[in-house]
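Here is what each chain is made of, one letter per residue.
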Amino acid sequence: MQVPDLFVSAPGKAILHGEHAVVHGKVALAVSLNLRTYLSLKGTTAGSVCINLPNIDTFLSWDLSELKQLIPYSCGKMEEVKRLDAELVRKLREFVGVTNGNLDTCNMATLAFLYIYLSVFGSAELPSLTVTVWSELPTGAGLGSSAAYSVCLSAALLCANGTIPAALREWDPSARWCQEDLELINSWAFQGEMIIHGNPSGVDNAVGTWGGMLRFLAGKIIPLSRVPLLRILLTNTKVPRSTKVLVAGVKDKINKFPSIMNPVLDSVDAISCNCEKVLSEMTCEPITGEHYNILEELIDINQHHLNVMGVGHPSLDTLCRVTLTKGLHSKLTGAGGGGCGITLLRPETESSVVQITVQDLKDCGFDCWETSIGGPGVQQHSAASVKEEVLEILNRY
């Protein structure tokens, strides 16, 4: 079976407001990061399937004859996309040689790829192909890198199989799939996330699929139709943290001090709703300085609330202090306790100020990027539209 060559990308994710409060039935706003994961799929005649992951120095290949032995366990999966095939996962773990519960990044990425590949193609002829995935996103930083990976895999393999049509027309540099196709991509990406994370919320893969901003409340994910593209600095403090421990700590505070903590959660919920209202106004009215003033105030208030909830960290305090000396406002994004933070950049913020701020943050031992939030979700690209440095990496394999 011959498949067409494809280039696909998907964005990372940041939480704009609502960290931890969402666990307790409050609103969270998740936004796409314009740091993207890129995938190249090339059909070959080698009689094998290869996956190359340059970010983690992983290069793996399997003969199709080996993989065909697993096909009976994946038959009929196209009609069962919402339910993870536990038997296939078990067989793949045996096949890859991972039978304990501890999976490293390489093993998780491998299992997700093989699961989606075998499930999408099912009992049809398995194609010989090479997949290369490279990401601008740091792994393990709470920025949705695994979800962007799963979204890219799902879109490329569904397209290669003909389950969804190519989004790209000859004259397009890049293009999106229709709503129905995006829903299928998202469903398969969620399968990948279940393999990698066990019990994901579905927010990360939804952001990777639809992009823009999503409202998450009580397990329901609602993509917002229009959001402004906002410039930000994204800072990785590189301080490791355990989401599980941080979530448990917040829950413990709420149980100990309900009369104190519940109003804090209500306030965070109100912050999310106010932010959503302002961003909505910015898409249908002329954007003014007052819009940015409100967003900055909400960022500051939310960061103080997160400290009250016990998920702050000295590294995040440093981030806020360094950026505030330049008149910029920052908050953590994700679980907290270290990890990443975002800094809002106003349209009039001069590039010299940004460069100095980035350098100051790097001098603190942090990684820092200027990027944007609110950009598009998963896309198919022409080779000419892929950034030259990215294309060079993808074409190396």
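Just above, that's the structure.
Note that the coordinates shown come from a computational prediction; the quantities given were computed from them, not determined experimentally. (Residues numbered from 1 in each chain as written. Predicted model: local features only at pLDDT ≥ 70, side-chain atom pairs only at ≥ 80, totals over all residues. Heavy atoms only, no water.)

Participant: What is the right way to look at the pattern of salt bridges in this model?
Facilitator: When their charged atoms lie close together, side chains carrying opposite charge are able to pair. Summed over the entire model, instances satisfying the criterion amount to 15 salt bridges. Linked by salt bridges that have partners in common, Glu87, Arg90 and Glu94 make up one network. (Salt bridge = Lys/Arg side-chain N within 4 Å of Asp/Glu carboxyl O.)

Participant: Help me understand empty space enclosed by the protein in this model?
Facilitator: One water molecule sets the probe size; rolling that probe over the atoms shows where empty space is left. Under the criterion given, the structure shown has 2 cavities of 30 Å³ or more. Space inside the largest cavity adds up to approximately 90 Å³. Looking at the largest cavity, the residues that line it are Leu16, His17, Leu230, Ile232, Cys275, Leu279, Leu295, Ile299, Ile342, Thr343, Leu344 and Ile373. Among the secondary structure elements, those contributing two or more residues to the lining of the largest cavity are strand S1 (6–17), strand S9 (230–236), helix H8 (258–284), helix H9 (289–308) and strand S11 (340–344). Per element, the largest residue contribution to the lining of the largest cavity is 3 residues, and it comes from S11. A volume near 40 Å³ is recorded for the second largest cavity. Across the lining of the second largest cavity, the residue classes tally to 8 nonpolar, 1 polar and no charged. (1 Å grid on protein atoms, 1.4 Å probe; cavity = no way out; pocket = protein on both sides within 12 Å on 5 of 7 lines; lining within 4 Å. Points joined across faces, edges and corners; volume = space filled by probe spheres on them. Helix = DSSP H or I, 4+ residues; strand = E, 2+ residues; numbered from the N terminus. Nonpolar A, V, L, I, M, F, W, Y, C, P; charged D, E, K, R; others polar.)

Participant: Looking at this model, I keep getting lost on the environment of leucine 224. Mind explaining?
Facilitator: When you line up the elements, leucine 224 lands in the loop between strand S8 (220–223) and S9. With relative accessibility at 22%, the residue leucine 224 sits in the partly exposed group. Spatially, the C-alpha atoms of leucine 224 and serine 280 are 8.7 Å apart, while their sequence positions differ by 56 residues. Apart from residues lying up to four places away in sequence, leucine 224 is in contact with Met213, Arg215 and Glu276. (Buried < 20%, exposed > 50% of the residue type's maximum accessible area, 1.4 Å probe, protein only. Contact = heavy atoms within 4.5 Å.)

Participant: Please explain the packing of aromatic side chains as it appears in this structure.
Facilitator: Given two aromatic rings, their pairing is described by the distance between the two centres and the angle made by the two planes. Within the structure shown, the criterion is met by 4 aromatic pairs. Between the aromatic rings of phenylalanine 113 and tyrosine 117, the centroid separation amounts to 5.9 Å while the plane-to-plane angle is 25°, which identifies the pairing as stacked. A residue pair is termed a helical-turn pair when its members lie 3 or 4 positions apart in one helix, as phenylalanine 113 and tyrosine 117 do in helix H3 (residues 105–121) at 4 residues. Given the relative accessible area of 0%, tyrosine 117 is considered buried. (Phe/Tyr/Trp six-rings, centres within 6.5 Å; stacked < 30°, edge-to-face > 60°.)

Participant: Is there a simple way to explain the side chain of serine 382 in this structure?
Facilitator: Residue placement: serine 382 occurs in the loop between strand S13 (379–381) and helix H12 (388–394). Excluding residues within four positions of it along the chain, serine 382 makes contact with Leu168, Asp172 and Pro173.

Participant: Would you explain the packing of H8 against H9 in this entry?
Facilitator: To describe two helices that pack against each other, one gives the angle between their axes and the distance between the axes. Orientation of H8 relative to H9, taken along the N-to-C sense of each, is 160°, at an axis distance of 10 Å. Taken together, H8 and H9 sit at an angle that is classed as roughly antiparallel. Where H8 crosses over H9, the handedness of that crossing is left-handed. Counting all contacts with H8, which are made through Met261, Val264, Ser267, Val268, Ile271, Asn274, Cys275, Val278, Leu279, Glu281 and Met282, the residues of H9 involved are His291, Tyr292, Ile294, Leu295, Leu298, Ile301, Asn302, His305 and Val308. Across the contact of H8 with H9, the residue classes tally to 14 nonpolar, 5 polar and 1 charged. (Axes fitted to C-alpha atoms, helices over the stretch in contact; angles between N-to-C directions. Parallel < 35°, antiparallel > 145°, perpendicular 65-115°, else oblique. Left-handed = near helix turned anticlockwise from the far one by under 90°.)

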